[in-house]
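# Secondary and tertiary structure notes
Letter by letter, the chains look like this.
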Amino acid sequence: MKSVKNKLFLGFAILIFLILFILSLISIKVFSVNQKNESLGLLDETLFSITDLISKNDDRKIENIDRYVNLKNQFLIILKDKKVFFTNRSNYRTNDILEEIYEEEYEDREKHHHKKDMDFFDKGEKKDYFRVDEYILIYDILEKNDNDYEIYVGIDEDIVEGDLRNILFGIIVLNSTIFIILLVIGYFLINRTIKPLKVILDEVNSLQNGNDLSKRLKEANTKDEFEQLTNSFNKMLNNIENSVDNIKQFSSDASHELKTPLTVIQGEIELCQNSTKSKEELSVSLEKINKEQKKLQEIIKNFLLLSRLDKEVLKNKKALLDKITFESIELNLEKIEAKNLELKLDIEEDLEVDFDEKYLYIVINNLLTNAIKYTNEGFIALIAKRNGNKIIFEISDSGIGISKEDKSKIFERFYRVDKARTCSKDGIGLGLSIVKKICDRFETSIDIQSKEMKGSTFKLIFTA
Ligand code: ADP
């Protein structure tokens, strides 16, 4: 199965393999160069000791030279006046080596070394080294008491290569072991890291199957992204649960609010059907029916407005606050006068706000009709003025006011303060929720100051 764990593990294995492979190549290269340099250095040292010894000692000592110089795996051939004077190999082997050496003309030898040795002595190359078949050799000539001493020190290439092979084998074994150990560690680490994801996945699946929105994921406590994921997921579930609860509440409230006028209408129709009813009684019933059907229309209109607000993309347009305010006042003037309320106005001109005109009218008109509705005597004051790059709008009344507890709730859909106290007033409890929703959409803040039985002030702060 394609799982994150398998993918991570595969990626990890490839990465480790590549790293170890590159490290192996580097270490093989370094070791091989070192090993060759070491072997050549040894030849150097031996040759130096031998020449020193020959120049300082007589032939008797030179004949036993291997007692004074540690030759290790190296072979040493000393020719005195072109005749073998000392060798630490058998005669047959010595002749063989010398034959190889003399096979090439001396003059050609230099050229020969270069060509042949290039690949081998790429680092620390010395011109004195040369290769004859499987040997690496160093050569010197010494004159002492009219005698020529030719000294050949050499080493079998197989010995050098053999060491290299051992090193190579060692590196492969070591790196394979490291590779396996890292794979095992990696597997456990990846497993441990991925485990919370699996737990989350299982829990999400069980939540999905259970269809219970009140359930939450167990806290991860891993102090990493998985914990954040669990928390975010739980927050998301909280929001979903709240939204679903709101929708349920809304639909139950809505059906209740629709049912009440419908019941009244139905009752009145039944009364009207009764033929014994007088003309006056019929007219009262019709009046009631008319009032309730208007209420129904109002509810439906507001429902449509709310659902439009949920979907519609509201573009920031410009609207004149003073103009809209006067339009709303004009429409409500009759009601204000009917209640004998004093109208105080302090409205600056040309107050252009970032708002859609249609929605601005809904906001102002809702606030004004409420102020009129919930004020029996006294005044209604409207203030609109510029304040820096903001425009402040205040609508105050000397009405019944709103208690502290109700202040936080009046923006909820269908909330009406103490129904007994306000039921005499027409209303469906949707006006302020619409006002709030529109203000939020146009990034306009809304604030209430109110004292019961003293009056209320609704303050809006617009961006200009
Ligand atoms: P309604 O249709 O009941 O007026 P709103 O959403 O407009 O619905 O208002 C919610 C509630 O807030 C009202 O029922 C009323 O109790 C209270 N309210 C709103 N405006 C005022 C105000 N100016 N003075 C006192 N109470 C108010």
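Since this is a predicted model, take the numbers as computed values, not measurements.

### Brief notes about unusual backbone geometry
In this structure, N340 is a non-glycine residue whose phi angle is positive, near 60°. One can find N340 in the loop between helix 9 (321-338) and strand 7 (342-347). The backbone of M453 sits at a positive phi, close to 65°, despite the residue not being glycine. With respect to the secondary-structure elements, M453 resides in the loop between strand 11 (445-451) and strand 12 (455-463).

### Regarding the confidence of the model for the protein
The predicted model of the protein has a mean per-residue pLDDT of 85, with 93% of residues at 70 or higher. Low pLDDT, under 50, characterises residues 111-127; the stretch is placed with 31 contacts to residues that sit more than four places away or in other chains.

### Here we look at helix 6 (residues 157-210)
The end-to-end C-alpha distance of helix 6 is 77 Å, a good match for the 80 Å that 54 residues give at a rise of 1.5 Å each. Where helix 6 bends most, the angle comes to about 35°, and this point is I194, followed within four residues by the proline P196. Backbone geometry just downstream of helix 6 places N211 in the positive-phi region, at approximately 60°.

### As for the sheet that holds strand 1 (residues 75-80)
Sheet architecture is open: 5 strands sit in the order 2-1-5-4-3, paired in antiparallel fashion. One side of each edge strand has no neighbouring strand; the edge strands of this open sheet are strand 2 (83-87) and strand 3 (129-132). Taking each pair of neighbouring strands and ignoring which way they run, the sheet shows an average axis angle of 30°. Inspection of the sheet shows strand 1 paired to strand 2 by 4 bridges, in the antiparallel sense. Along strand 2, the bridge assignment pairs K80 with K83. Strands in contact with helix 6 are strand 3, strand 4 (135-144) and strand 5 (147-156); relative to strand 5, the strand with the most contacts, it is inclined by about 30°.

### As for the site of the ligand
The environment of the ligand is made up of 21 residues, and the closest members are N370, Y374, R416, I428 and L432. A distance of 2.5 Å is found between an oxygen atom of the ligand and a side-chain nitrogen or oxygen belonging to R416. Surface burial for the ligand is 98%, taken as the share of its 540 Å² of free accessible area covered by protein chains. Elements that contribute at least two residues to the shell around the ligand include exactly helix 10 (357-373), helix 13 (431-441) and strand 12.

### Quick notes on a negative patch on the surface
Together, D81, E143, D146 and D148 make up a negatively charged patch on the protein surface. Its location among the elements puts E143 in strand 4.

### So, the environment of G170
In this fold, G170 is placed in helix 6. Given the relative accessible area of 33%, G170 is considered partly exposed. Expressed as a C-alpha distance, the spacing of G170 and E157, which sit 13 residues apart in the sequence, is 20 Å.

### What about the nonpolar core?
With 50 residues, the main nonpolar core has L321, F355 and F393 as its most contacted residues. Where this core is concerned, the elements lending two or more residues are helix 8 (279-311), helix 9, helix 10, strand 9 (379-387), strand 10 (390-397), helix 13, strand 11 and strand 12. Setting aside chain neighbours within four positions, we find F393 in contact with L321, T325, I364, L367, L382, I383, A384, F458, K459, L460 and F462. Counting residues in hydrophobic clusters, the runner-up holds 23 residues, among them L47, I54, I78 and V153.

Definitions and cut-offs
- Every chain is numbered on its own, with residues counted from 1 as its sequence reads.
- Local features in this predicted model are restricted to residues whose pLDDT is 70 or higher, and side-chain atom pairs enter the listing and the counts only when it is 80 or higher, whereas totals over whole chains, interfaces and linings include all residues.
- Processing note: side-chain calculations cover all non-hydrogen atoms of the structure and skip hydrogens and water entirely.
- Segments assigned H or I by DSSP are reported as helices when at least four residues long, segments assigned E as strands when at least two residues long, and all are numbered from the N terminus.
- Confidence scores here are pLDDT values: one per residue, from the predictor, ranging 0 to 100.
- Pairs of residues are marked as contacts when any of their non-hydrogen atoms sit within 4.5 Å.
- Multiplying 1.5 Å by the residue count of a helix minus one yields the expected span of that helix.
- To obtain the bend at a residue, axes are fitted to the seven residues ending there and to the seven starting there, and the angle between these axes is taken.
- The criterion for strand pairing is that DSSP finds at least two bridges linking the strands in question.
- Only C-alpha atoms enter the line fits that serve as axes; for helices the fit covers just the stretch in contact. Angles between N-to-C directions range over 0 to 180 degrees.
- One heavy atom within 4 Å of a molecule or strand makes the whole residue count as near it.
- What qualifies as a polar contact is a pair of N or O atoms within 3.5 Å, subject to a donor-acceptor requirement within protein and to the restriction that residues adjacent in sequence count only when both atoms come from side chains.
- Surface exposure here means Shrake-Rupley accessible area, sampled with a 1.4 Å probe, where a residue is shielded only by the protein chains that are shown.
- Patches were defined on residues exceeding 30% relative accessible area and lacking a salt bridge, with like-charge contacts within 9 Å and nonpolar side-chain contacts (Val, Leu, Ile, Met, Phe, Trp, Tyr) within 5 Å.
- Salt-bridge detection follows one rule: a side-chain nitrogen of Lys or Arg within 4 Å of a carboxyl oxygen of Asp or Glu.
- Positive charges are assigned to Lys and Arg, negative charges to Asp and Glu, while His and the chain termini are left out of the count.
- A charged residue contributes its charge at one atom only: NZ of Lys, CZ of Arg, CG of Asp or CD of Glu.
- The cut-offs for exposure are 20% and 50% of the maximum accessible area for each residue type, with area from a 1.4 Å probe on protein chains only; residues under the lower value are buried, those over the upper are exposed, and the others partly exposed.
- The set of buried Ala, Val, Leu, Ile, Met, Phe, Trp, Tyr and Cys residues whose side-chain atoms join them within 4.5 Å is what this entry labels a nonpolar core.

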